[in-house]
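Residue-level listing of the chains:
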Amino acid sequence: MARYDAAQIEQKWQKAWSEAGCFTARRDDTKPKYYVLEMFPYPSGNLHIGHVRNYTMGDVVARYKMSTGHAVLHPMGWDAFGLPAENAAMERKVHPGDWTYQNIANMKAQFARLGLTLDWSREFATCDPEYYGQQQAMFIDFLEKGLVYRKNAVVNWDPVDMTVLANEQVEDGRGWRSGALVERRELTQWFFKISDYAEDLLEALDRLENWPDKVRTMQKNWIGRSRGLQFAFDLSDRDDKVEVYTTRPDTLLGASFVGISPDHPLARELEASNPDLAAFNAECRKMGTAEEELEKAEKRGFDTGLKARHPLDPSWELPVYVANFILMDYGTGAIFGCPAHDPRDLEFARKYDLPVKSTFVPMNGPHTAPEDKGEPFVPPKTETVRYTRIVAGAAEQTGDAAIDAAIDRAESEGWGQGVTKFRLRDWGLSRQRYWGCPIPVLHCDACGVVPEKKENLPVELPRDVDFDTPGNPLDRHPTWRDVPCPQCGGAAKRETDTMDTFVDSSWYYARFTSPGATTPTDAGEADYWMNVDQYIGGVEHAILHLLYSRFFARAMHACGHLPASAIEPFDALFTQGMVTHEIYQTEDATGRKTYYLPSEVERREGGAFLKDGTQVQVIPSAKMSKSKRNVVDPVEIIDRFGADTARWFVLSDSPPERDVEWTEAGAEAASKHLARVWRIAEGARDAPETGGDDETLLREMHKAIHDVTVNIESFGFNAAIARLYAFANTLSKSQAGRQAQVKAARTLAQLMAPMTPHLSEELWRMLGGEGLVTTAAWPKADPAMLVEDEVTMPIQVNGKRRDEIRVAKDAPKHQVEALALASDAVQRQLAGATPKKVIVVPGKIVNVVV
RNA sequence: GCGGGCGUGAUGGAACGGUAGACAUAGGGGACUUAAACUCCCCAGGGGGAAACCCCGUGCGGGUUCGAAUCCCGCCGCCCGCACCA
């Protein structure tokens, strides 16, 4: 009678699966294919528990699909370019490549212990030249198709480190390393023309039925299609116009100022002769490039002194302000402000003492007008309101109708036109960094921008670089940078910008279908395996990564790298929650925080303490992050309890889409339960040949098969586990004969197999299962065993439960009603009164209304 | 600030608009043990009551419904994203 020894059995079964080649994806025309993919990890060096949860979920799906007769593709790779490798290079003098590949080796070893169904024969890292070379080939294809172009864009510039900073590297307007005030600087950069696909990316969302609604809504809002009016204000005192775009032309008669972005051409022109304005603009440009920062900043403006003529009344002049909250990237970079119907404009108007004029009021009810210190009135455009200053249309109409009427008027009078605009901006892919995919073009004095010849790809990153000097090492690497022009043979310089790492992750799913191909994809393989049937990852990727991938699949199709059927690469999406943990910190006199690992901290009465007795502050659970050190090391957990325990725990308790808090107690409990299942299985094996009531146990078994199957298929892993607990409890108490108990225990092991594959293999063998449980066919519930002929129906009086009755499942309504009314509890509640109404929902509930 | 989501016992959570709290954790009681650990059994939303049973209860305030944790409106709190973190 051996004890449950996780370490020993996990190794044993991992070896068995590997020898049987269970997880190598094979095309098989006799089976439906199934491609399950989890978002690949950044190789930080250590697997964290969030990875364990993410990859276990995918593994449950993969294992379930294997046992339901699918040819499964479940690959894994590394999102290996990015900032942390350069930071490590600067801090520790290691080469970014060495650091990255070392991390990959570490993490792969950790992965191996989890017992995942990954097909490692397809592994690649995005920093492999074989991968990024194909990416460069596609860049050149995109360039030929007009899907890539150059334009100027602003970046965060650190004047001390002489480098471009990511938004994340800007803290309170200062560079994280240098502490210097960050400036906005304009550079010529490469852009993908994602805006060409804005309409299609938006329309196609409706067909992504197996995506969460929240993700589709977020993408819809991000793309932000709007219908509005574009027109120009004539300026009074100079021969010029300001072109504006508005989604509320119906509020034009409530206009009180014209606002332009500090980066607007007019603002730039005026600042040349106006030092105060120049100072104001310079101040605005000190802000970082993050939209959040701009939006949160105090609304400020500068009166240019210019006046704009109202298009509906030339004698009405509006002041022209430069305002810090207007983005040059959206619309025309200029607006008219209508304070009565826009909170931002109202804040601005009150600050600069500009008029506030309502153009419409609510249909009914009291209303504190924005004119009198009230709130701005911003009803949904579908709501009917009463117009007090009408641009066009009826006095009482919806916002939508009024907007359409206003556009019609502007068009017929010839001073403006209706246009559709998108909030979605083109995707800037240039990064002034070393550790990324080189952009495969050259700059030639004679020929201009010239793509590298495809036969010269990959343009490999040079190895001999140093990070001692600020700036991009590629810029100061003459032998790499200075090369002959591929077109004319004259002197040329390589592009030293590298690609955004989002490019790398925008097509890796396609590369997994043919990781060794000498073209980006192999048509036959892509056609067979695409699309990803189930994609799993964090909701933090709801917009950028997923939108970029959808764009990339379209662009790849346009260049012949993916079939038309794969332009929506992810058939179904599941966004899982994070694993969270408490944060432990201390603060020194200057407020500097030091964080501690959970393993360094002991929780006892009175709080949490370090080993030396120092008390630490406990911050409530938050996403596990390296910087806050609130991380749990999965390797420690696996060493202590085994991989099956870690897998079981991360799936239990919390619904997969919600965050789960890691607790020590929870892990221990999971471990105890698995040991208990082991004992239950042994009990079944050793049960007396004959006992009582096999029928009840087998009925419960079929119900468990049904429920667990439904739960797994709907991503209700926590519910599946709760159901498995209940079934284990039933089995442990059962007095059924050996044959029935063994059958039930074997089924329990099999139902648990997607979550706890090693333990299940062991029990499967112990209980006489044939072959591997991993390759065994999923059990089927016998419908005849699921039907009940009697049901319990609760009886409510006025919606409150007072009693319950047992009735035949198909008892006629009048019989149920009579039984319900006969109940003592109901009679007591009625106290002689006659019920007004009795609602009988067959098989569900009875409600007696008094 | 804008967009999206979430909020249920001490805790994680369950509940096609139909018995709120399944399942589990921590806790309490008991059995086993010289003792403990392990294991097994029982109790357990709050309040009242000897009990039967009654009242209250799903962040807060309204509404729809025979019936609301679930749907609608308004607030509060927390989380995710905001285009150069991945």
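Note that this is a predicted model, so its numbers are computed, not measured.

Which residues make up the pattern of salt bridges, and what are the values?
Applying the stated criterion across every chain yields a total of 50 salt bridges. Ionic pairing is found between Asp686 and Arg685, a salt bridge with its closest N-O pair at 3.0 Å. A salt bridge links Glu790 to Arg806, with the nearest nitrogen and oxygen atoms 3.3 Å apart. Of this pair, Glu790 sits in strand 33 (residues 790-797) while Arg806 sits in strand 34 (residues 800-808); the two residues are 16 residues apart in sequence, bridging distant segments of the chain. Glu790 gets classed as partly exposed once you look at its relative accessible area, which sits at 40%. By sharing partners, the salt bridges in this structure join Arg184, Glu186, Asp263, Arg268, Glu271 and Arg285 into a single network.

For the nonpolar core, give the residues involved together with the corresponding values.
Inside soluble globular proteins, nonpolar side chains tend to come together where they are buried. Judged by nonpolar contacts, the single largest core of 161 residues is most densely connected at Phe142, Phe192, Tyr508, Tyr509 and Phe552. With nine residues, helix 2 (residues 49-67) is the largest single contributor of residues to this core. Filtering out sequence-adjacent residues up to four positions away, Tyr509 remains in contact with Tyr35, Leu37, Met530, Val532, Ser549, Phe552, Ala553, Pro569 and Phe570. Formed by 35 residues, the second largest nonpolar core is a distinct cluster that contains Leu229, Phe231, Leu277 and Phe302.

Give a detailed account of the packing of aromatic side chains, specifying residues and quantitative values.
Under the definition given, this model contains 50 aromatic pairs. Ring geometry for Phe124 versus Phe512: centroids 4.7 Å apart, planes at 35 degrees, classification tilted. Of this pair, Phe124 sits in the loop between helix 4 (96-112) and helix 5 (129-144) while Phe512 sits in the loop between helix 15 (508-511) and helix 16 (523-529), placing them 388 residues apart in sequence. Here Phe124 matches Phe512 in class, with each residue buried.

Just give me the short version of the side chain of Gln110, but keep the residues and values in it.
Take Gln110: it is sitting in helix 4. If sequence neighbours within four positions are ignored, Gln110 has contacts with Gly45, Asn46, Leu47 and Val635.

Now, about the protein's contact with RNA strand B: what can you tell me, with residues and values included?
Close to RNA strand B lie 66 residues; Asp79, Asn167, Asn221, Arg433 and Asn847 are nearest. Atoms of RNA strand B within 4 Å of the protein belong to the sugar or the phosphate in 62% of instances, the rest to bases. Within the side chain of Arg431, one N or O atom sits 3.0 Å away from a phosphate oxygen of RNA strand B. A distance of 3.1 Å separates a base nitrogen of RNA strand B from a polar side-chain atom of Gln432. Residues that form the surface near RNA strand B fall into these classes: 24 nonpolar, 17 polar and 25 charged.

Kindly report on unusual backbone geometry, identifying the contributing residues and their values.
Of note, the bond from Leu457 into Pro458 is cis; its omega dihedral lies within 30 degrees of zero at -5 degrees. Mapped onto the elements, Pro458 comes out in the loop between strand 21 (448-451) and helix 13 (478-481). Cis geometry marks the peptide bond from Met530 to Asn531; its omega dihedral reads 5 degrees. Its place among the elements puts Asn531 in the loop between helix 16 and strand 25 (534-538). In the Ramachandran plot, Asp172 falls in the positive-phi region, its phi being about 50 degrees despite a non-glycine side chain. Of note, Asp172 is situated in the loop between strand 5 (170-171) and strand 6 (174-175). With a phi angle near 70 degrees, Asp653 is a residue other than glycine that sits in the positive phi range. With respect to the secondary-structure elements, Asp653 resides in the loop between helix 19 (643-651) and strand 32 (660-661). The exposure class assigned to Asp653 is exposed, which follows from its relative accessible area of 63%.

Which residues make up the environment of Glu183, and what values do they have?
The residue Glu183 is located in strand 7 (residues 183-192) in this model. Take Glu183: its relative accessible area is 34%, and that puts it in the partly exposed class. Each C-alpha atom, one on Glu183 and one on Thr498, is 22 Å from the other, the two residues being 315 residues apart in sequence. Apart from residues no more than four positions distant in its own chain, Glu183 is found in contact with Val155, Asn156, Trp157, Pro159 and Arg285.

Please give an account of the confidence of the model for chain A that cites residues and values.
When pLDDT is averaged across chain A, the result is 90; 96% of the residues are at 70 or more. Confidence, expressed as mean pLDDT per element, reaches its minimum in chain A at strand 29 (residues 601-604) with 63 and its maximum at helix 15 with 98. Prediction confidence for the complex, expressed as pTM and ipTM, is 0.92 and 0.93 respectively.

Go over the pairing of strand 34, please, and point to the residues and values.
Bridging between strand 33 and strand 34 involves eight bridges; their strand directions are antiparallel. Bridge pairing links Thr792 to Arg806 in strand 34. Linkage of strand 33 to strand 34, two consecutive antiparallel strands, is achieved through a turn of two residues, within which Asn798 is found at a positive phi near 50 degrees.

Can you explain the domain arrangement of chain A? Please cite residues and give values.
Looking at the assigned domains, one finds that chain A contains domain 1 (225-422), domain 2 (582-661), domain 3 (685-786) and domain 4 (790-849). Put simply, the middle of domain 3 and the middle of domain 4, counted by C-alpha atoms, are 37 Å apart.

Break down the pairing of strand 20 (residues 441-444) for me, with residues and values.
Where strand 20 and strand 21 come together, four bridges link them in antiparallel fashion. Across the sheet, the residue bridging to Cys444 is Gly448, located in strand 21. The antiparallel hairpin formed by strand 20 and strand 21 contains three residues in its connecting segment. In this structure, strand 20 lies alongside strand 23 (residues 491-494), joined through three bridges in antiparallel fashion. Among the inter-strand pairings, Cys444 is bridged to a residue of strand 23, identified as Ala492.

I'd like a rundown of the environment of Met755, residues and numbers included.
With respect to the element layout, Met755 can be found in the loop between helix 23 (738-752) and helix 24 (757-766). Placed 34 residues apart in sequence, Met755 and Ile721 show a C-alpha to C-alpha distance of 8.8 Å. Met755 has contacts with Val60, Asp644, Arg647, Trp648, Leu651, Ile712, Ala720, Ile721 and Leu724, leaving out every residue within four places of it along the chain.

Conventions and cut-offs
For every chain, the first residue of the written sequence is number 1, and numbering continues from 1 onward in sequence order. Key to labels: chains lettered from A, ligands numbered from 1, both in the order written. For this predicted model, a pLDDT threshold of at least 70 governs which residues receive local features, and a threshold of 80 or more governs which side-chain atom pairs are given and counted, while totals over whole chains, interfaces and linings are taken from all residues. Remark: hydrogens and water are excluded; side-chain values derive from all non-hydrogen atoms of the structure. A pairing counts as a salt bridge when a side-chain nitrogen of Lys or Arg comes within 4 Å of a carboxyl oxygen of Asp or Glu. Secondary structure elements are taken from DSSP: a helix is a run of H or I of four residues or more, a strand is a run of E of two residues or more, and numbering for both begins at the N terminus. We call a residue buried when its accessible area falls under 20% of the maximum for its residue type, exposed when it is over 50%, and partly exposed in between, using a 1.4 Å probe and counting protein chains only. Joining through side-chain atoms within 4.5 Å is the link that ties buried Ala, Val, Leu, Ile, Met, Phe, Trp, Tyr and Cys residues into a set, and such a set is a nonpolar core. Residue contacts are defined here by distance: any two heavy atoms, one from each residue, within 4.5 Å place the two residues in contact. Aromatic contacts are taken between Phe, Tyr and Trp rings whose centres are within 6.5 Å, Trp giving its six-membered ring; a plane angle under 30 degrees counts as stacked, one over 60 as edge-to-face, and the others as tilted. Whether a residue is near a molecule or strand depends on its heavy atoms: it is near if one of them lies within 4 Å of it. Pairing of N or O atoms within 3.5 Å defines a polar contact, subject to two protein rules: one partner must be a possible hydrogen donor and the other a possible acceptor, and residues neighboring in sequence count only if both atoms are side-chain atoms. Basically, the charged four are Asp, Glu, Lys and Arg, the nonpolar ten are Ala, Val, Leu, Ile, Met, Phe, Trp, Tyr, Cys and Pro, and anything else, Gly included, counts as polar. Scored from 0 to 100, pLDDT records how confident the predictor is in each individual residue. Pairing between two strands requires that DSSP report at least two bridges joining them. Segmentation into domains, and thus their bounds, comes from an automatic or database assignment.

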